[in-house]
Amino acid sequence: MGTEAVPFLDLQPAYRVAQPAIDAALLRVAGSGWFLLGKELHAFEEAWARSCGTAHCAGVANGLDALFLSLKALGVREGDEVIVPSNTYIATWLAVSQCGAKPVPVEPDARTFNIDPARIEAAITPATRVILPVHLYGQPADMDAIMDIARRHHLKVLDDCAQAHAARYKVRPVGGLADMSAWSFYPGKNLGAFGDGGGVTCRDADLMQRVKVLRNYGSQQKYHNEVKGINSRLDEIQAAVLAAKLPLLEAATHERRAIAARLLEGLAGCDLQLPHVPHWAEPAWHLFVVRHADRDGLQRRLAEQGIGTLIHYPVPPHRQPAYAELGFAEGDFPVSETMHREVLSLPLWPGMSELQIERVIKAVRASV
Ligand SMILES: *Cc1c(COP(=O)(O)O)cnc(C)c1O
């Protein structure tokens, strides 16, 4: 068995698979002389909406803006509350704060890492406007349960799909399940651009129009500004790259599922908590996250054997200095806090070789 290192992530194999289409797209845009809000963007928006099983898509500058502009379109403002997971990437919370609203954390289910629907109702107050679940690590959240709670309380649902490209919930694609869905096309995401990128998908034409106005200075007609918008556009180069990669996403996702199945099989019986997949979930496997009581020791032992790992995430949002204003203390969200101490993400990417998968399994088995 080879001894070469296994990096946490390698984006080169995916580029090689799509290279002819991507290179042609880059040259096409360079030669077109048109770089913003043009036909590349329209083509990608149409294709992405279709693959999400919904009607509309708006490309924006990044995932954080996709969340922020969706909340703005839903009318969230100062004094409002938005229910968020206590364990997520901080962008989910920041989008709420940018609207002047308050993120209200709800603990996850300890097995799926996703917001626990059974705990949501206790967090609803008269100020609640939106429930914002995250399909963390690419595992779909329990959307039927969440939508049901939202309908009963007259709330809207925006889902953070930044890690869940091509994931499916009860056969339906993520991105067409909530009132609005926000995407990141950051290079390391399952559908990644060559720089920052983001998008919003939804069924409702009016909501979509609001996002399209807000992303472009609050303007529909050049130099006529209806509302105070921002500048947040998915440029033509990024849109063309994404459109070139999109036809390969389904195959890349199947490959991720096959690698995840190999890891689950190879690590069965280890002293580790392996990812739990509910019967209705077809995850996108953005990350393969295990839990271990001595996480830092495990990470060190794997590094010694050349296996790259990362922690998603070492500090929960409520314990970040940026959120000191909310006054949370250690112990306020114990499920999430334990998770942040114990989670470790193992290497998993399309193009990972059989030898690399074997090396990861062997190293983990020797380290727990
Ligand atoms: C990546 C990510 C975001 C933010 O996306 P950017 O494009 O980096 O702004 C938001 N939420 C989650 C869960 C993410 O993983």
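The rules behind the values
- Residues numbered from 1 in each chain as written.
- Predicted model: local features only at pLDDT ≥ 70, side-chain atom pairs only at ≥ 80, totals over all residues.
- Heavy atoms only, no water.
- Helix = DSSP H or I, 4+ residues; strand = E, 2+ residues; numbered from the N terminus.
- Rg over C-alpha atoms; globule rule 2.2 N^0.38 Å.
- Buried < 20%, exposed > 50% of the residue type's maximum accessible area, 1.4 Å probe, protein only.
- Contact = heavy atoms within 4.5 Å.
- Areas by Shrake-Rupley, 256 points an atom, 1.4 Å probe, with all protein chains shown as cover.
- Polar contact = N/O pair within 3.5 Å; in protein donor to acceptor, adjacent residues only side chain to side chain.
- Near = heavy atom within 4 Å.
- Nonpolar A, V, L, I, M, F, W, Y, C, P; charged D, E, K, R; others polar.

**Brief notes about the overall build of the protein chain**
So, step 1. Secondary structure assignment for the protein chain yields 11 helices and 14 strands.
So, step 2. Against the compact-globule benchmark of 21 Å for 368 residues, the protein chain has a radius of gyration of 21 Å, which places it among compact chains.
So, step 3. The principal-axis extent of the C-alpha atoms belonging to the protein chain is close to 65 × 55 × 35 Å.
So, step 4. Residues counted as buried form 55% of the 368 residues belonging to the protein chain.
So, step 5. The contacts in the protein chain between residues at least 6 apart in sequence include a share of 70% that link residues at least 24 apart.
So, step 6. Within the structure as shown, the protein chain displays about 15,500 Å² of accessible surface, and the carbon and sulfur contribution to it stands at 54%.

**With respect to helix α6 (residues 205-214)**
So, step 1. Within the sequence span of α6, burial applies to Leu-207, Met-208, Val-211, Val-213 and Leu-214.
So, step 2. Packed against the buried residues of α6 are β1 (56-60), α3 (63-73), β8 (180-184), β9 (198-202) and β10 (219-221).
So, step 3. The backbone nitrogen of Asp-206 has a side-chain oxygen 2.9 Å away, supplied by the residue at the start of α6, namely Asp-204.

**Topic: the site of the ligand**
So, step 1. What surrounds the ligand is the set Asn-62, Gly-63, Leu-64, Tyr-89, Ala-91, Val-134, Asp-160, Ala-162, Gln-163, Ser-184, Lys-189 and Gly-197.
So, step 2. Residue Gln-163 places a side-chain N or O atom 2.8 Å away from an oxygen atom belonging to the ligand.
So, step 3. Here an oxygen atom of the ligand and a side-chain polar atom of Ser-184 are 2.7 Å apart.
So, step 4. Alone, the ligand offers 380 Å² of accessible surface; in the complex the protein occludes 90% of this.
So, step 5. Residue composition of the shell around the ligand, by class: 5 nonpolar, 5 polar and 2 charged.

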